[in-house]
Structures are given as C-alpha cells and as structure tokens.
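These are the residues of each chain, in order.
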Amino acid sequence: MSDILFGSKSAKSDYGFIVAPYLIPMPVVQTSFVEIPGRDGTLDLTEGFGFVRYSDRAVSLTLYAVAPYEQALSAFVNDVHGKRIELVFDRDPSFYYVGRVSVDGLEKHDGYCAITVNVTAEPYKYKRTITTVTQTGSGTVTLTNLHMPVAPEITASAEATLVYQSGGVPATTVVAAGTHFIPALLLEAGTTTVEVTTTGEIVFSYREGAL
C-alpha cells in the first residue's frame, strides 16, 4: 500500500490513512512565442533568459480514513491544511516535493471518509541528500548535477583560485577562507569541471533537483 510523508508524518503510520492511486504531473513549460510581421513562423524566446522555466505542479491526492477516524482526521487537517511543507512519496523515496497543501474535501460515509488533498508544488523535486564534493589541495573537481541549475555553496579552509566555464566563457574567481556562493559558477545538467588551486581543503555542497 502506498504511503506519503507530509513533513515528518506518514499518511499510513501516523494517521492510519489509505492512499489512493495518484498522478504527479509534469510541470508546464513556460513558453514564449512572438509573432513577427514578415517572418515565417514565430520567434521562440522560451530560453531567452538562458534556461527553460516551468510552472508549478498541481498534484491531486485522495486519502481514505477508516472509522473511527475523527481524531486522526482532525490531526491531519490541523497539521497540513494551508501549510507549505515537504512531501515524500514512497514510490520515489530519494526525492521530496515542496508545496502548499490544501484539504479541499471531506466526504464522510458510513465507516470511512474520503479526503481530497490538493498540492501546489514547486516544479522541481529535490534530492533528500545534499551532494558534497571535497578537494584537498590543488586539482580538478568534477561536479555532477541533475536537471535544475544550481550554484553550489563553497567552503574553503584557505584562499583558493577557481577556474571554470561560465556561460561558455572561461572565468576565474579567487575566494578567501570561509563560505561563499558564486552566482557565475552555475551548475547545469551534467558535469561541470572546476580547476582548483589551493593549499587547503575546499568543499562544494549543493541540492540537486529533477523533473
């Protein structure tokens, strides 16, 4: 039987609910097509800002509570209704979704209650574990990322020089000891190589996201 974590609480174990079959839709692509007089077809500006952008996901769920259910139902509604929380689906346990939860219907019958839940979720699902890559001394670091562009948190124990590609152009950044974010060092899908020159240790940490 399927299960869903609403925050830290299990639909099955904590509330005693049954999870009906569900569909997690793909987020809609935010397209931009411009009609230009005298031009055949349209001008596609969907990636005009460098990346494809997506709209929120609309996830609809149905849960069933079996009598006696009033106490569990009250606890669930107070725990999740109107709140922005993380959800983990047991069929995809390595990732979590973030969204605003709305309990939109309580259909009570003899012996059971059907609960309608709608979630307006962010387009990406996120890995539950942070990706961490450590380099001691000078060397080449390979950072592997899923679909969502992300700038890693960089923690250096000593001054370090980083050489990488930014938008297809070679870039160099010198960081002092401490923790930094470098917006120009944006990890796209696949692998990004960073040449590190340092006498200390440097750690790259980031949360990967996928569709």
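The structure we're discussing is the one just above.
Here's what I pulled together on the structure shown here. Residue numbers run consecutively from 1 along every chain, following the written order of its sequence. The predicted nature of this model means local features are confined to residues of pLDDT at least 70 and side-chain atom pairs, given and counted, to a pLDDT of 80 or more, with totals for whole chains, interfaces and linings taken over all residues. In computing side-chain properties, one takes all heavy atoms of the structure into account and sets aside hydrogens as well as water.

A closer look at the environment of Glu122
Numbering of helices and strands runs from the N terminus, with a helix taken as a DSSP run of H or I at least four residues long and a strand as a DSSP run of E at least two residues long. Tracing the chain through its elements places Glu122 in the loop between β9 (112–121) and β10 (125–127). Residues contacting Glu122, with those up to four places away along its chain left out, are Asp56, Arg57, Arg84 and Val98. Polar side-chain contacts of Glu122 include one of 2.3 Å to the side chain of Tyr126. Contacts were defined at the residue level, with two residues in contact if any of their heavy atoms lie within 4.5 Å. Polar contact is defined as a pair of N or O atoms within 3.5 Å, subject to the rule that within protein one atom must be able to donate a hydrogen and the other to accept it, and that residues adjacent in sequence are counted only when both atoms are side-chain atoms.

Structural notes on the nonpolar core
If you look at the biggest cluster of nonpolar residues, it comprises 26 residues, and the most contacted ones within it are Phe6, Leu61, Phe76, Ile115 and Val117. The contacts of Phe6, once residues within four sequence positions are left out, are Ala11, Leu61, Leu63, Phe76, Val80, Ile85, Glu86, Leu87 and Val117. Counting 18 residues, the second largest nonpolar core, distinct from the first, contains Leu162, Val194, Ile202 and Tyr206. Each nonpolar core is a collection of buried residues, namely Ala, Val, Leu, Ile, Met, Phe, Trp, Tyr and Cys, held together in the definition by side-chain atoms within 4.5 Å. We call a residue buried when its accessible area falls under 20% of the maximum for its residue type, exposed when it is over 50%, and partly exposed in between, using a 1.4 Å probe and counting protein chains only.

Structural notes on helix α1 (residues 70–80)
Taken as a whole, α1 has its buried residues at Leu73, Phe76 and Val80. The buried residues of α1 all sit within an arc of 65° when viewed along its axis, so they share a single face. Exposed and facing more than 90 degrees away from the buried side of α1 are Gln71 and Asn78. As for α1, its buried residues are in contact with β1 (4–6), β6 (57–66), β7 (84–89), β8 (95–109) and β9. For this quantity, the arc is that covered by the directions from the helix axis to the C-beta atoms.

Side note on the pairing of β9
Of the pairings in the sheet, the one linking β6 to β9 comprises ten bridges and is antiparallel in character. By the bridge assignment, Thr62 is partnered in β9 with Thr116. Note: two strands are recorded as paired if DSSP finds a minimum of 2 bridges between them. Relative to β9, β8 is paired through ten bridges, and the arrangement is antiparallel. What sits directly across from Val101, in β9, is Val119. Taking the residues between adjacent antiparallel strands as the criterion, β8 and β9 are bridged by two residues, where Gly111 takes a positive phi near 90°.

Some words on the packing of aromatic side chains
A pair of Phe, Tyr and Trp rings is counted when the ring centres sit within 6.5 Å of each other, with Trp represented by its six-membered ring. The angle between the planes then sorts it: under 30 degrees is stacked, over 60 is edge-to-face, the rest tilted. Scanning all chains against the criterion turns up nine aromatic pairs. Here the aromatic rings of Tyr15 and Phe17 are separated by 5.5 Å at their centres, their planes lie at 20°, and the arrangement is stacked. Summarising the burial analysis for this pair, Tyr15 and Phe17 share the class buried. Aromatic side chains Tyr96 and Tyr126 sit 5.5 Å apart centroid to centroid with 40° between the ring planes, which places their arrangement in the tilted category. Linking Tyr96 in strand β8 with Tyr126 in strand β10, this pair joins segments that are 30 residues apart in sequence. Both residues of the pair, Tyr96 and Tyr126, belong to the buried class. A network of ring pairs unites the aromatic residues Phe6, Tyr15, Phe17 and Phe76 as a single cluster.

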